[in-house]
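Inside the fold
Take a look at the letters that make up each chain.
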Amino acid sequence: MGMSSLKLLKYVLFFFNLLFWFCGCCILGFGIYLLIHNNFGVLFHNLPSLTLGNVFIIVGSIIMVVAFLGCMGSIKENKCLLMSFFVLLLIILLAEVTLAILLFVYEQKLNEYVAEGLTDSIQRYHSDNSTKAAWDSIQLFLQCCGVNGTSDWTRGPPASCPSDPLVKGCYAKARLWFHSNFLYIGIITICVCVIQVLGMSFALTLNCQIDKTSQALGL
């Protein structure tokens, strides 16, 4: 691999990470917007920090940090930054694989936990504005009512519930939505993993090539 190939690899990795840095900025900004306006509220009160805004902020921040290391490491040909970029991508990839395995192994327990959390939060609908906002958003988006149906609402279904008396509960609708979109979710997940592996490969290749170039120049 000559100097021209090294430059090509360097700029490919730079623009690749620059694009993701801008994506991270957008995700972070959207998360801050959701957090300020609190449009979706808190659904699980035993995990009050688990809101859509917080999730977007965390994901956006991680993407920005990793992409920044990739950008600076490639354009400056800095081995330390490149290896930091590689290690962070590897940790994120291993964390994603571990999470997928845990979700598969403990699927039944997770389903029970979610159902219990939803049942508990529905009792707070009239006393907590954040919970009310979360339930209204979910019921309008999924066109569902309550956890298992309209009978969950002891004071009668709220205005965000569809008028159909046979409407399904949000728990069943959420599972149905997930299973109907499983193919798209799988494709997106695989694409993310492939991008991460490509980023790691480019970083490692560039790092090795910097070593070879330095040796050839007698540095």
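Everything numeric here is computed off the predicted structure, so don't read it as measured data. (Residues numbered from 1 in each chain as written. Predicted model: local features only at pLDDT ≥ 70, side-chain atom pairs only at ≥ 80, totals over all residues. Heavy atoms only, no water.)

Take the packing of aromatic side chains next. Tallied over the full model, the rule gives 7 aromatic pairs. With a centroid separation of 5.2 Å and 75 degrees between ring planes, the pair formed by Phe14 and Phe15 is classed as edge-to-face. Between the aromatic rings of Trp135 and Trp153, the centroid separation amounts to 5.9 Å while the plane-to-plane angle is 80 degrees, which identifies the pairing as edge-to-face. With Trp135 in helix 5 (residues 129–142) and Trp153 in the loop between helix 5 and helix 6 (170–180), this residue pair connects regions lying 18 residues apart in the sequence. Residue Trp153 is classed as buried on the basis of its relative accessible area, which comes to 6%. Ring-pair connections join several aromatic residues into one group, and the members of that group are Tyr125, Trp135 and Trp153. (Phe/Tyr/Trp six-rings, centres within 6.5 Å; stacked < 30°, edge-to-face > 60°. Helix = DSSP H or I, 4+ residues; strand = E, 2+ residues; numbered from the N terminus. Buried < 20%, exposed > 50% of the residue type's maximum accessible area, 1.4 Å probe, protein only.)

Turning our attention to the nonpolar core. Leu43, Leu118, Ile122, Trp135, Cys145, Val147 and Trp153 are the most contacted members of the largest nonpolar core, which has 16 residues in total. Breaking this core down by element, the ones donating at least two residues are helix 4 (107–122), helix 5 and helix 6. With 3 residues, the top contributor of residues to this core is helix 5. For Trp153, the residues in contact, after removing those within four places along its chain, are Ile122, Tyr125, Trp135, Gln139, Cys145, Gly146, Pro158 and Cys161. One finds Val66, Leu93, Leu206 and Ile210 within the second-largest nonpolar core, a separate group that totals 14 residues. (Core = buried A, V, L, I, M, F, W, Y, C linked by side-chain atoms within 4.5 Å. Contact = heavy atoms within 4.5 Å.)

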